Every structure is written in structure tokens, then in C-alpha cells.
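Here is how the chains run, residue by residue.
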Amino acid sequence: MLSLEKKLKVFEVICGDWDYRNIDMTEPHLQGIQVIDNHHIGISCELFSPDLDEYVSCDGGIVEDKKLVKKFKKLNFDKQDEVLNFISDINSLIDWDKINNDLFDQVNLEKEKLKLEEESDEEYEEFADYEEDDITIVPAKKLGDGWNWYKYDDGSGYLQSPDGKEYMSYDLQTNEYQVTRNSQYDLFPLSYYYGDGIDPSEFKPFEYMEEEMIERILPREKEKEEMSL
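Residues numbered from 1 in each chain as written. Predicted model: local features only at pLDDT ≥ 70, side-chain atom pairs only at ≥ 80, totals over all residues. Heavy atoms only, no water.

**Student:** Sorry, what's going on with a negative patch on the surface here?
**Tutor:** Together, Asp17, Asp19, Glu225 and Glu226 make up a region of like negative charge exposed at the surface. Note on placement: aspartate 19 falls in helix 2 (residues 18–21). (Patch = residues over 30% accessible without salt bridge, like charges linked within 9 Å, V, L, I, M, F, W, Y side chains within 5 Å. Areas by Shrake-Rupley, 256 points an atom, 1.4 Å probe, with all protein chains shown as cover. Salt bridge = Lys/Arg side-chain N within 4 Å of Asp/Glu carboxyl O. Lys, Arg positive; Asp, Glu negative; His and termini not counted. Charge placed at Lys NZ, Arg CZ, Asp CG, Glu CD. Helix = DSSP H or I, 4+ residues; strand = E, 2+ residues; numbered from the N terminus.)

The structure is reproduced here in C-alpha cells:
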């Protein structure tokens, strides 16, 4: 039986599966949920922007519905109709006009960021030329051949794919990580920041980031490739 945390991750993957849901991912849609104190559900929404070649997301609000929380905990992912009905229940609680405005504002914001990044390419290249002596290259444990961690002496670094793409830029001093250069920074799920977070003494950041790649990031990239065919 899946733990609640694993179940939430599986549900997020399903929400992002355009074939399973038979929806247009370029339109605002449910990204996933969080269960809060067994009484509330936190909602997140997203859309795929062809201009950015990336998903953008926003907060969909928090609703209080103890029955809906119980329904999710009993949800059987083997029954597609049951899952789609639950998604419909969540969709009915979302202010889609507000979500539409928030997401398209986010798209415009990300476009502006990309423009600024292009203008600062020269500065970025200088950063990328950081002395090789300060880097330790360590093969990723779970991602297969060609995936390597580039670890700087100051506690920062990134994950590089076999084709040279950078993921999971991290800073162990500030407990932050960034999935791609176009993503926002997130905090590691530590008990410092979240009531249900992991004890820092037990947290394994590289294992966590590799699992995020396997369970969320790579399936999404595969989906994007299929959508572009």
C-alpha cells in the first residue's frame, strides 16, 4: 500500500499525463494536490507553454473538505474512472478565471526572465568556466550511465545528463535546489521548513534529487517529447 507522500506523487504524474486525462496541456489544468492536516487540500495548477517549452504553475488555493481528503486516501489508481472523477471533484472547487490570469501572467514573467538571461549569457559563461580544480565529479547512483553530479567545494553544484543538460542546481548551505535554469528555487523538504519534513540528520539530498528526476522530471520531459511529435 502506497504511503500518502508516494500517493500524492503518483497523482501528480497522472495529472500531468495528457493521454490519460485526454486534455490539452497548453490549457490551464490541475497539476496536483497536497493534503494538509487531514482536513484541507492544497491545490496547484499548471499549463504547458510552447513559447517557453516548459510548464508554468501557480497556487490554486486551499479548500477545507474532510470527505474529499478521505476519498483521496481511498483512491484506487487502477480504476481510471474513479481517478478522473476525483480530479473532476477538485476541478469544481477551482476559480479557473483567476488561475487562467495567474498562469498567463507567469508565462509573461518567465518570458521576461529568459530575455534577461539571454542578455547576460556572457556573465553566465564566466560562471561556467569555474576552475576545474574546485569541482568533484561523482556518478549519479540511480540514473544510469552518463549522469554525473558536479560538486563544488562551497557546497553547491548541479546534475548533468548524458547529453550535457544541467538539472538540479543546488546549494547545501541554503538548502535550496532548482530543477532547471528556468525553474524557481525550492527548499529541500526538511523539518526546519515543513511540519511533516524530514529530519536534517536523516536527509540525503542527492538521493532525494535523483528520485525527483526519476519520478517527476524525466516522465514530464518524455511527455513533452511525445506532445511535440
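**Student:** Got a minute to help me understand the environment of tyrosine 167 in this structure?
**Tutor:** Its location among the elements puts tyrosine 167 in strand 7 (residues 166–171). Given a relative accessible area of 4%, tyrosine 167 falls into the buried group. For the pair tyrosine 167 and tryptophan 96, spaced 71 residues apart in the sequence, the C-alpha separation amounts to 31 Å. The residues touching tyrosine 167, leaving out its near neighbours within four places in the chain, are Trp147, Tyr158, Leu159, Ser161, Gln178, Val179, Thr180, Met213, Ile217 and Glu221. (Buried < 20%, exposed > 50% of the residue type's maximum accessible area, 1.4 Å probe, protein only. Contact = heavy atoms within 4.5 Å.)

**Student:** Would you explain empty space enclosed by the protein in this entry?
**Tutor:** The probe, sized like a water molecule, is rolled over the atoms to show the empty space still left. A complete count under the given rule lists one cavity of 30 Å³ or more for this structure. If you add up the space inside the largest cavity, you get close to 30 Å³. Of the residues belonging to the lining of the largest cavity, the class tally is two nonpolar, one polar and two charged. (1 Å grid on protein atoms, 1.4 Å probe; cavity = no way out; pocket = protein on both sides within 12 Å on 5 of 7 lines; lining within 4 Å. Points joined across faces, edges and corners; volume = space filled by probe spheres on them. Nonpolar A, V, L, I, M, F, W, Y, C, P; charged D, E, K, R; others polar.)

**Student:** It is not clear to me how the confidence of the model for the protein chain should be interpreted in this structure. Could you clarify?
**Tutor:** Fine structural detail should not be taken from predicted coordinates in areas where pLDDT scores are low. Per-residue confidence for the protein chain gives a mean pLDDT of 89, with 93% of residues at or over 70. The secondary structure element of the protein chain with the lowest average pLDDT is helix 6 (residues 121–128), at 52, and the one with the highest is helix 4 (residues 80–91), at 97. Counting contacts from residues 127–131, a segment whose pLDDT is below 50, to residues more than four positions away or on other chains yields two contacts. (pLDDT = per-residue confidence, 0-100.)

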